[in-house]
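Each chain is listed here by its residues.
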Amino acid sequence: MSYYTQAFAPAYGQGVTVVPGVASAVQALPNNSSAVELTNLSSTISCSIRFGETASLTATLGGDYVLLPGMKSVITKQRGYQFFAYIGSGAAGSLHVIPGEGL
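Now for a look at the structure at hand. All values reported here derive from a predicted model rather than from experimental measurement.

## Some thoughts on the pattern of salt bridges
- A complete count under the given rule lists three salt bridges for this structure.
- Across the pair Glu37 and Lys72 runs a salt bridge whose closest N-O atoms are separated by 4.0 Å. Within this pair, whereas Glu37 is found in strand S4 (residues 35-40), its partner Lys72 is found in strand S7 (residues 72-76), the two being separated by 35 residues in sequence.
- A residue is classified by how much of its surface remains accessible, and Glu37, at 17% relative accessible area, is buried.
- Note on Lys72: relative accessible area 54%, which makes it exposed.
- Across the salt bridge formed by Glu101 and Arg79, the nearest N and O atoms sit 3.0 Å from each other. Taken together, the positions of Glu101 in strand S9 (residues 95-101) and Arg79 in the loop between S7 and strand S8 (83-88) put the pair 22 residues apart, joining distant regions of the chain.
- Looking at Arg79, the relative accessible area reads 41%, which means it is partly exposed.

## Concerning the packing of aromatic side chains
- A full pass over the atoms with the stated rule returns two aromatic pairs.
- An angle of 45° between the planes, with centres 5.8 Å apart, marks the rings of Phe51 and Phe84 as tilted. With Phe51 in strand S5 (residues 47-52) and Phe84 in strand S8, this residue pair connects regions lying 33 residues apart in the sequence.
- Classification of Phe84 by relative accessible area gives buried; the value is 0%.
- Centroid distance Phe84 to Tyr86: 5.7 Å. Interplanar angle 45°. Geometry classified as tilted.
- Residue Tyr86 is classed as buried on the basis of its relative accessible area of 8%.

## So, the side chain of Ser73
- Residue position: Ser73 is located in strand S7.
- Among the polar contacts made by the side chain of Ser73, one reaches the side chain of Tyr65 at a distance of 2.7 Å.
- Ignoring sequence-local partners within four residues, the contact set of Ser73 consists of Val36, Glu37, Leu38, Tyr65 and Leu67.

## As for the sheet that holds strand S3 (residues 25-28)
- In space, the four strands of this open sheet follow the order S3-S8-S5-S6, with antiparallel pairing throughout. Looking at the sheet topology across the chains shown, the edges are occupied by S3 and strand S6 (65-67). Each neighbouring strand pair of the sheet contributes to a mean axis angle of 30°, computed without reference to strand direction.

## Quick look at the pairing of S8
- Burial analysis of S8 places five of its six residues in the buried class, which makes it a mostly covered element.
- In the sheet, S3 pairs with S8 via four bridges, with the strands oriented antiparallel. Within the sheet, the bridge partner assigned to Ala28 lies in S8 and is Phe83.
- Of the pairings in the sheet, the one linking S5 to S8 comprises six bridges and is antiparallel in character. Bridge pairing in S8 places Cys47 opposite Gly88.

Conventions adopted
- Residues numbered from 1 in each chain as written.
- Predicted model: local features only at pLDDT ≥ 70, side-chain atom pairs only at ≥ 80, totals over all residues.
- Heavy atoms only, no water.
- Salt bridge = Lys/Arg side-chain N within 4 Å of Asp/Glu carboxyl O.
- Helix = DSSP H or I, 4+ residues; strand = E, 2+ residues; numbered from the N terminus.
- Buried < 20%, exposed > 50% of the residue type's maximum accessible area, 1.4 Å probe, protein only.
- Phe/Tyr/Trp six-rings, centres within 6.5 Å; stacked < 30°, edge-to-face > 60°.
- Polar contact = N/O pair within 3.5 Å; in protein donor to acceptor, adjacent residues only side chain to side chain.
- Contact = heavy atoms within 4.5 Å.
- Pairing = 2+ DSSP bridges.
- Axes fitted to C-alpha atoms, helices over the stretch in contact; angles between N-to-C directions.

Rendered as structure tokens:
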């Protein structure tokens, strides 16, 4: 695994906003990056996210990367992981995911 010393550089125009619900859903990312910035835009709903190579992913609450209400985080991922699954603890709020490089 490589380590980054540069700040996160977003791939402008390639971010997606999804609405997590109580069932897992899958979304493709338009950019083959090694990092993503995740922003839980909800003030009350937690969500979980998982990245993978195919659209046959299932996210689980608490079992995958958890984003608390209002949380923003940059994480690394495998470049070949072009899909992400997401789920929410309720049926409100939204999650913004933007690919990029660096941390």
